[in-house]
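Here are the chains, one letter per residue:
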Amino acid sequence: MSQFHLVAPSGYCINQSAAQCGVKRLEEAGHRVNNQQVITRRDRRFAGTEAERLHDINALASLKEKNQIVLAVRGGYGASRLLDTIDWQALAARQRQDPLLICGHSDFTAIQSGLLAKGNVITFSGPMLAGNFGAETLNAFTEQHFWRALRQPRYSVEWNGDGPVCDEQGTLWGGNLAMLVSLIGTPWMPDIEGGILVLEDINEHPFRVERMLLQLLYAGILPRQRAIVLGSFTGATPNDYDAGYSLESMYEYLRSRLSIPVITGLDFGHEQRTVTLALGAQAQLAHADGQSRLTITGHPVLVE
């Protein structure tokens, strides 16, 4: 069985019972769950003081045991405050020696992007403790895809996508759209040429999603990619004022502004049903006849 090491660099875990349910579920499956004290930590809206949350991340460089899965408790906000004090080089050195399998999404995207930008460190965009492992019912699709990504040196995710026929290869990167946009112009924004960029978000109206995508476009980031894959945008329901403007119409507008393929429909993001993606790994994206497939290689895996 595996060892989970919890980190909480972002928001206070408001749903304490869900986090405890996640711990219990993992332990009952035979896994060890370490560093549980971070679950109850609180400083205002944050999961502890700046120093405590920073220590969560910097201490990863000195974790000793092998096969460690580093799991974020939840997202929220707070990781951005830590970016200029994280010891990126120590973390990168630890990863070269004996890679930790670091997993999370949402606000955690800021740290994942920093690791990729500063140390070429591959991490996993996937489930977190409270929202996913602590859900009332653990989504079987999510659990299956999580272990597939962490155990198989080559794995694929398939879905009923929408977009033009394509067959592209490149570095897989991205995560939460709002967090990536917040990193433009900073040292923690990965400089990826010819990549496959995956994006998702929550509680953003379609016009806000469009505005952030246009910022990535105008910053020259989107045109330099081989393809863009869009996941879930939960809570992006249009209203009466939109008069037909929707996520789908926004996707078409984005495609009209780009010469690279934009593929939609991936189960990825702030949903109970989500794939796990190795950010920084190599990927091949194929799409034809409404069928999409991402094949991912080059990421660290658990050693049996």
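Residues numbered from 1 in each chain as written. Predicted model: local features only at pLDDT ≥ 70, side-chain atom pairs only at ≥ 80, totals over all residues. Heavy atoms only, no water.

1. Digging into the overall build of the protein
- Of the regular secondary structure elements, the protein holds nine helices and 13 strands.
- Over its C-alpha atoms, taken along the principal directions, the protein stretches across nearly 50 × 40 × 40 Å.
- Expressed as a percentage of contacts within the protein between residues at least 6 apart in sequence, the contacts between residues at least 24 apart total 81%.
- Total accessible area computed for the protein in this model is approximately 12,800 Å², and 48% of it derives from carbon and sulfur atoms.
- Within the protein, one finds 26 positive and 31 negative side-chain charges whose respective centroids are separated by 6 Å. (Helix = DSSP H or I, 4+ residues; strand = E, 2+ residues; numbered from the N terminus. Contact = heavy atoms within 4.5 Å. Areas by Shrake-Rupley, 256 points an atom, 1.4 Å probe, with all protein chains shown as cover. Lys, Arg positive; Asp, Glu negative; His and termini not counted. Charge placed at Lys NZ, Arg CZ, Asp CG, Glu CD.)

2. Quick notes on unusual backbone geometry
- Backbone geometry at Ala243 places phi at a positive 50°, although glycine is not the residue there.
- Looking at the element boundaries, Ala243 is found in the loop between strand S9 (227-234) and helix H9 (247-257).
- We note that Asp289 has phi near 55°; this positive angle belongs to a residue other than glycine.
- Here Asp289 lies in the loop between strand S12 (282-288) and strand S13 (291-297).

3. Here's the deal with the UniProt feature "domain: LD-carboxypeptidase N-terminal" (unreviewed entry) in the protein
- Following the UniProt record, one finds the feature "domain: LD-carboxypeptidase N-terminal" (unreviewed entry) at residues 6-126.
- Taken end to end, residues 6-126 is 36% helix and 14% strand, and its first and last C-alpha atoms sit 14 Å apart. (UniProt positions renumbered as here; feature names shortened; annotations may be inferred.)

4. Section: the sheet that holds strand S5 (residues 123-125)
- An order of S2-S1-S3-S4-S5-S11 is seen for the six strands of this open sheet, with the pairing classed as mixed. Looking at strand neighbours, the two that pair on one side only are strand S2 (32-34) and strand S11 (277-279), the edges of this open sheet. Here the average twist between neighbouring strands, direction ignored, is 30°.
- Across the face of the sheet, helix H1 (residues 16-28) comes into contact with strand S1 (3-7), S2 and strand S3 (68-72) while running at roughly 140° to S2.
- Across the sheet, helix H6 (residues 140-151) lies against S1, S3, strand S4 (101-104) and S5, angled at about 135° from S3, the strand it touches most. (Pairing = 2+ DSSP bridges. Axes fitted to C-alpha atoms, helices over the stretch in contact; angles between N-to-C directions.)

5. A closer look at the environment of Pro300
- Along the chain, the position of Pro300 falls in the segment after S13.
- Along the primary structure Pro300 and Phe141 are separated by 159 residues, whereas in three dimensions their C-alpha atoms are 21 Å apart.
- Residues contacting Pro300, with those up to four places away along its chain left out, are Pro99, Leu101, Ile122 and Phe124.

6. A few points about the packing of helix H3 (residues 88-97) against helix H4 (residues 109-119)
- Put simply, H3 and H4 touch, their axes get as near as 10 Å, and they point 80° apart. With respect to their mutual orientation, H3 and H4 come out roughly perpendicular. Packed against H3, whose contacting residues are Trp88, Gln89, Leu91 and Ala92, the element H4 presents Ile111, Gly114, Leu115, Lys118 and Gly119 at the interface.
- In terms of residue class, the contact of H3 with H4 is made up of five nonpolar, three polar and one charged. (Parallel < 35°, antiparallel > 145°, perpendicular 65-115°, else oblique. Nonpolar A, V, L, I, M, F, W, Y, C, P; charged D, E, K, R; others polar.)

7. Thoughts on helix H2 (residues 50-58)
- Of the positions making up H2, those classed as buried are Arg53, Leu54, Asp56 and Ile57. Projected down its long axis, H2 carries its buried residues within an arc of 145°, all on one side. Summarising the geometry of H2, the exposed residues directed more than 90 degrees from the buried face are Ala51 and His55.
- Check the buried side of H2 and you find it contacts S1, H3 and H4. (Buried < 20%, exposed > 50% of the residue type's maximum accessible area, 1.4 Å probe, protein only. Arc of directions from axis to C-beta.)

8. What to know about H9
- Within the span of H9, buried status applies to Leu247, Met250, Tyr251, Leu254 and Arg255. Viewed end-on, H9 has its buried residues packed into an arc of 145°, placing them on one side of the element.
- Where H9 is buried, its residues meet helix H8 (206-218), S9 and strand S10 (262-263).

9. Let's talk about the packing of H8 against H9
- Interaxial distance between H8 and H9 falls to 10 Å at its minimum, and their mutual angle equals 15°. Classified by the interaxial angle, the pair formed by H8 and H9 is roughly parallel. In the packing of H8 onto H9, the handedness of the crossing is right-handed. Facing H8, whose interface residues are Pro206, Val209, Glu210, Leu213, Leu214, Leu217 and Tyr218, H9 presents Leu247, Met250, Tyr253, Leu254 and Arg257.
- Here the residues of the contact of H8 with H9 are counted per class, giving ten nonpolar, no polar and two charged. (Left-handed = near helix turned anticlockwise from the far one by under 90°.)

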